[in-house]
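# Structure at a glance
Take a look at the letters that make up each chain.
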Amino acid sequence: MQISPLKQTLPSAETPLVTVEDLRVRFRSRDFNVPVVNGVSFSLGKGEVLCLLGESGSGKSVTMRALMRLFPSTAVVSGKINVDGHDILGLSRSKLRAIRGAVVSMIFQEPMTSLDPVFTIGSQIAESVMFHEGASRRQAELRALELLELVQVPSAKRRLIAYPHELSGGLRQRAMIALALACRPKLLLADEPTTALDATVQIQILLLLRELQHELGMATIFVTHDLGVACEVADRVAVMYAGRFVEQGSITQVMDNPSHPYTQGLLRSTVHEGVRGVRLETIPGSPPDLAELPAGCSFAPRCGFVRPDCTMAVPHDATVGQGHSARCVLVG
Amino acid sequence: MHAPVGRGPTGLAPINGARMFNYALRRILYSVPIAVGVSLVCFLLLHIAPGDPIDAIAPESASPQLLAELRAAYGFDRSLPVQYFSWLSNVIVGDFGTSIMTGRPVLGELANAVVNTLLLSGGAVLVGFVFGLLLGTIAGYTAGSPADRAATAFAVAGISVPNYWLGLVLVVIFAVNQDWLPAMGMGQGAPFLSWANLRHFVLPVIALSVIPAGIIARSVRGTVAEVRKQEFVQTLHAKGLSPFRVFIHVMKNSAPALLAVMGLQLGYLMGGSILVETVFSWPGTGFLLNTAIFTRDLPLLQGTILILSMFFVVINLVVDLAQALFDPRIERN
């Protein structure tokens, strides 16, 4: 399998494909009122790959789903999201449907439960093509076959008429990817697409995604808590903590020069090659209760470098280098 | 060229012919021992019951000799296994024996009653299932809303109201006080689709359909709400599908569970309701059963119960096969 080398980040002059400004999401009902995303801003160029890195509950999935306005009914959202010229948060439902699956599409974490168990793989892919492109069933089925071949499903013809439960986990995730790519999206969202898979299959799926991303050139946002995954696929990384981007930059910038104590902690607590025998460090404490976030930096209670001004106000996004910033009072 | 892709997004599962045939064959074969078991239970239950059917028809002054002759004539003097096998071998060829009360063949009495019950329960199935599905789907889709609470309240009321009581109330209101609809019997001789005939169906159909409507509404609500919470529904929304397309996916996923409930209700309705048929003097299986019980007409009772249980066996079989059509995961070894 040919794999192209990692792309370098190119500061692009053209308008970005995605711009997100001060995105805030809270889940509110009679029983709870929890802010999950607290002012996230970023932009993403065409063909760029961004990794959202963070622990469970840090708001990375919700941030990503915001790009197709895929929220539970309890979500209260504010901010601005523009994807390919569409004001996502302001679109009518029918316009939104025209964008979902066509301009922005999504790969979910668990392919077993994310595919409809009582429809064949082929019909689930074809349905998307028919719906968005007005293709005839025959054309749509032909496209489904091409897509299964594109994602390297062996004996694709036979797999078209298979049901999700008849495929292995890896093949199911390939089918899920084929479904996401059905209408040639400009932005692909991948929500921990390898987490539910066996280790060997994880690598295959990652390589496949990277290859497809290069081949088709779509912008991609990866949500993961796995630094290895991030290094493998990302041009840029954004580290999330308690609903905020605490650090963002190119993958090399963040890996070589982690500037936020949380990022540093993450890197230290990850298994690297050739460090056998070296004790892994953990980040002390546990993530904060989102319903009662501390004033100031959310990471302050767990931070080894905490200073009095950390708890005064949320640190602003300080520049570390070109395209590299961190929300920490120690920076700049 | 192009793979043979089933019937696509709206259709049933693309059926793998040979596999489905095997499944159907296997399932039909399984039904045979079930049917034999059911027939044994039908037979035994009535023989376990105390009392002697001959005592019921013979005059009190009958001599012991006459009683013995009668017993021999109906075969009650033989051992139970012998009686069972001779009854079973006759039943298989359609000979259900002779009614003790009327002296006519059980088969003829049964056939009339079954047809009458089928007509009535057909109406109740139509009304009850349509209402149940409608209410349940609305409730399942709006779980937690006032619409859901209203539909659920209606369903609970439907399940809780005794149908014979509802029948009596309907009779009092619409037949006695208002004289709009007949209180009893079937339209005699009028063409089936004429109002003169159909008006006899209105009240018993309503009385009969309320419980199945309530039960179906509740289980549809539960199933639909449950399916809508599953992750794949999120995928459907992420695909940008219209609410109607998503609805089709939800309903196809709900179908197996709903078929099971509807099959059961269908079975109950086909059995006829002793109470409702008695209230409306409807000459169906329930009415027949009632008569057979009170007159201790053993051959008639056995035949009726056997036929009603066979309805259940057959409906179960049909439900199982239909479920396999909707859900490919069911058709397994």
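Below, the structure is looked at part by part.

Rules of the game
- Residues numbered from 1 in each chain as written.
- Chains lettered and ligands numbered in written order.
- Predicted model: local features only at pLDDT ≥ 70, side-chain atom pairs only at ≥ 80, totals over all residues.
- Heavy atoms only, no water.
- Helix = DSSP H or I, 4+ residues; strand = E, 2+ residues; numbered from the N terminus.
- Contact = heavy atoms within 4.5 Å.
- Buried area = accessible area lost by both parts, 1.4 Å probe.
- Salt bridge = Lys/Arg side-chain N within 4 Å of Asp/Glu carboxyl O.
- Polar contact = N/O pair within 3.5 Å; in protein donor to acceptor, adjacent residues only side chain to side chain.
- Nonpolar A, V, L, I, M, F, W, Y, C, P; charged D, E, K, R; others polar.
- Axes fitted to C-alpha atoms, helices over the stretch in contact; angles between N-to-C directions.
- Parallel < 35°, antiparallel > 145°, perpendicular 65-115°, else oblique.
- Left-handed = near helix turned anticlockwise from the far one by under 90°.
- 1 Å grid on protein atoms, 1.4 Å probe; cavity = no way out; pocket = protein on both sides within 12 Å on 5 of 7 lines; lining within 4 Å.
- Points joined across faces, edges and corners; volume = space filled by probe spheres on them.
- Phe/Tyr/Trp six-rings, centres within 6.5 Å; stacked < 30°, edge-to-face > 60°.
- Lys NZ or Arg CZ within 6 Å of the ring centre and 35° of its normal.
- Pairing = 2+ DSSP bridges.

### What to know about the side chain of Ser209(B)
- As for its placement among the helices and strands, Ser209(B) is situated in helix α8 (residues 195-228).
- Apart from residues lying up to four places away in sequence, Ser209(B) is in contact with Ala124(B), Val127(B) and Gly128(B).

### Details of the interface of chain B and chain A
- At the interface, 32 residues of chain B touch 37 residues of chain A.
- Counting each side, the surface lost to burial between chain B and chain A is near 3,200 Å², with a carbon and sulfur contribution of 59%.
- Summed over the shared surface of chain B and chain A, the number is two salt bridges.
- At the surface where chain B touches chain A, the tally comes to 14 residue pairs in polar contact (both at pLDDT 80 or more).
- Breaking the side of chain B that touches chain A down by element, the ones donating at least two residues are α9 (231-238) and α10 (243-270) of chain B.
- Sort the elements by how many residues they give to the side of chain B that touches chain A and α9(B) lands first, with six residues.
- Here the side of chain B that touches chain A is built from residues that sort into 13 nonpolar, 11 polar and eight charged.

### Examining the packing of helix α6 (residues 146-160) of chain B against α8(B)
All names here are of chain B.
- Between α6 and α8, whose axes approach to 7 Å, the crossing angle comes to 140 degrees. The angle between α6 and α8 falls in the class oblique. The interaxial crossing formed by α6 with α8 has left-handed handedness. Along its contact with α6, which presents Asp 148, Thr 152, Ala 155, Val 156, Gly 158 and Ile 159, the element α8 presents Val 210, Ile 211, Gly 214, Ile 215, Ala 217, Arg 218 and Arg 221.
- Per-class residue counts for the contact of α6 with α8 are seven nonpolar, three polar and three charged.

### Remarks on the layout of surface pockets
- Of the pockets and cavities examined, the largest pocket occupies roughly 1,200 Å³.
- Mapped onto the lining of the largest pocket, the elements with two or more residues apiece are α1 (60-66) and α2 (93-99) of chain A together with α5 (106-141), α8, α9 and α10 of chain B.
- Its residues assigned to classes, the lining of the largest pocket shows 13 nonpolar, seven polar and seven charged.

### Things to note about the packing of aromatic side chains
- Counted according to the given criterion, the structure contains 12 aromatic pairs over all chains.
- Consider the rings of Tyr141(B) and Phe247(B), whose centres lie 5.8 Å apart with planes at 55 degrees: the pair is tilted. Within this pair, whereas Tyr141(B) is found in helix α5, its partner Phe247(B) is found in helix α10, the two being separated by 106 residues in sequence.
- Its guanidinium or amino end placed over the ring of Tyr141(B), Arg228(B) lies 4.1 Å from that ring's centre, counting from NZ or CZ.
- Cation over ring: Lys252(B) sits above Phe119(A), and NZ or CZ is 4.3 Å from the ring centre.

### Concerning the packing of α5(B) against α10(B)
All names here are of chain B.
- Packing of α5 against α10 leaves a shortest axis separation of 11 Å and a crossing angle of 145 degrees. As for how α5 packs across α10, the hand of that crossing is right-handed. Side by side, α5 and α10 meet where Thr 117, Leu 118, Ser 121, Ala 124, Val 125, Phe 129, Leu 133, Thr 137 and Tyr 141 of the first sit next to Val 246, Phe 247, Val 250, Met 251, Leu 258, Met 262, Gln 265, Leu 266, Leu 269 and Met 270 of the second.

### Let's talk about the sheet that holds strand β4 (residues 75-83) of chain A
Residue and element names in this part refer to chain A.
- Strand order in the open sheet formed by four strands is β2-β1-β4-β5, and the pairing between neighbours is antiparallel. Whereas interior strands pair on both sides, the edge strands pair on one side only; in this sheet they are β2 (33-44) and β5 (86-87).
- Pairing of strand β1 (residues 18-28) with β4 involves eight bridges; the strand directions are antiparallel. Considered in β4, the bridge of Phe 27 is made with Ala 75.

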